[in-house]
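What follows is the residue order along each chain.
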Protein chains: 2
Amino acid sequence: MSCIEFWFEFGSTYSYPAALRIERVVRDAGLAIIWRPFLLGPIFKEQGWNDSPFNLYPAKGCYMWRDLARICADLEIPLRQPTTFPRNSLLAARLTCWFQTESWIPEFIRQVYLANFGRDRDIADAKEILSILEGLNQPLDILSVAESPEAKAKLRAQTEQARALGIFGAPSFVVEQELFWGNDRLEAAVAWAQRKGKSAV
Amino acid sequence: MSCIEFWFEFGSTYSYPAALRIERVVRDAGLAIIWRPFLLGPIFKEQGWNDSPFNLYPAKGCYMWRDLARICADLEIPLRQPTTFPRNSLLAARLTCWFQTESWIPEFIRQVYLANFGRDRDIADAKEILSILEGLNQPLDILSVAESPEAKAKLRAQTEQARALGIFGAPSFVVEQELFWGNDRLEAAVAWAQRKGKSAV
């Protein structure tokens, strides 16, 4: 089965609708998803940004919130503009990165996004992450795993891999090294993977 | 009939596929196009950029050329990466702005884009613009109109209007103050205009 790598950052606005809709889109197309959390901070820093470009460039930011509201309305998913943007996603990203192939991870990812962008909850707060884990019947002590040197190193390496793939924003989709950027490119990535799958048969 | 304002810059890469496909998409939807050339330079300058962000941020630029190649291949339109990017669009923009409601303008616009991005011709050169006008059987002396104080003032005012609408990039589509940014938002702008049209009936 052909795969789509889904590269996302929990603080990224357009990653929110992508995370909520990707499973249905990709499964309907007969493809598989590889979940790949990473951090945008170090990648933005390299471009000279110490904040989200949506904060640095107000006209762009103003448009983005309006555009996101239209997209969420179309998808019928809630949107509440976070009082802090972007939220620190380090804890959630480390945890997700460490457990990224576990079966409960896709729903955990969606719950973190819904907390941040649907309910304006502070996902940087361990209590918020614990409450999501509890809702998924996961043992709460796995949170400490996210703070282990190994989990930190794994997320650093994965962010490094994102950069090596040419990723400069989120969400991004990768199909055998071919890069697609933005929630609005999901369908193009799916079509690309399906074409690749056919040519491999 | 509901209208879509199409705001474009001749040096902008993603404006190229948008300019080539917009007429069919918009007419098929029973809508009308208002052609609105403007200059991105002054708007970028305000954001602190003295060049295209695709040049300032190499990872983004590298991705854009690849993405544009895929889009042009899907649309079956030629793409030859311009040896100079972005090209100075002042002459073409002034001319288009002055004559923007004339019936030959849509084809002129497409020909300028095809010259720049399909054949790597220097659209900053008056000779190139003259040859396009000639192909459209337009009197060549209209080029001097583009250099009149009135034509210069009109383009300046239109660029100012773009900024006032919240436009920060090209192509952009505007439906009754509602802003859509990017070639990939054309369909969303069309759907918006159709909904507006229905609710007005």
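This is a predicted model, so every value here is computed, not measured.

Of regular secondary structure, chain A possesses 10 helices and 4 strands. Taken from N to C terminus, the helices and strands of chain A fall in the order β-α-β-α-α-α-α-α-α-α-α-β-β-α. For a compact globule of 201 residues, the expected C-alpha radius of gyration is about 17 Å, and chain A comes in at 16 Å, within 12% of that figure. Projected onto its principal axes, the C-alpha positions of chain A cover 50 × 40 × 35 Å. The long-range share in chain A, meaning contacts at least 24 apart out of those at least 6 apart in sequence, stands at 71%.

A few words on the interface of chain B and chain A. With 12 residues of chain B at the interface, the matching set in chain A holds 12 residues. For the side of chain B that touches chain A, the secondary structure elements donating two or more residues are α4 (58–75) and β4 (178–181) of chain B. Looking at which element gives the most residues to the side of chain B that touches chain A, the answer is α4(B), with 4 residues. Looking at side-chain class alone, the side of chain B that touches chain A contains 8 nonpolar, 2 polar and 2 charged residues.

Mapping chain B onto chain A leaves a residual RMSD of 0.0 Å; the transformation is a rotation of 180 degrees accompanied by 0.0 Å of translation along its axis. The operation mapping one copy onto its partner corresponds to a two-fold rotation axis. No C-alpha of chain B lies nearer the rotation axis than that of Asp184(B), which sits 3.7 Å from it. Mapped onto chain A, 92% of the interface residues of chain B are again interface residues, and the two copies thus contact each other with one and the same surface.

Another aspect to go through is the sheet that holds strand β3 (residues 172–175) of chain B. All names here are of chain B. Pairing in this open sheet of 4 strands is mixed, and the strands run β2-β1-β3-β4 from one edge to the other. Only two strands of the sheet have a single partner each, and these edge strands are β2 (32–37) and β4. Ignoring which end each strand starts from, the neighbouring axes of this sheet average 25 degrees apart. One ladder, built from 3 bridges, connects strand β1 (residues 3–8) with β3; its direction is antiparallel. Bridging from a neighbouring strand, Trp7 pairs with Ser172 of β3.

Conventions we followed
- Residues numbered from 1 in each chain as written.
- Chains lettered and ligands numbered in written order.
- Predicted model: local features only at pLDDT ≥ 70, side-chain atom pairs only at ≥ 80, totals over all residues.
- Helix = DSSP H or I, 4+ residues; strand = E, 2+ residues; numbered from the N terminus.
- Rg over C-alpha atoms; globule rule 2.2 N^0.38 Å.
- Contact = placed C-beta atoms within 7 Å.
- Nonpolar A, V, L, I, M, F, W, Y, C, P; charged D, E, K, R; others polar.
- Least-squares fit on C-alpha atoms with pLDDT ≥ 70 in both.
- Pairing = 2+ DSSP bridges.
- Axes fitted to C-alpha atoms, helices over the stretch in contact; angles between N-to-C directions.

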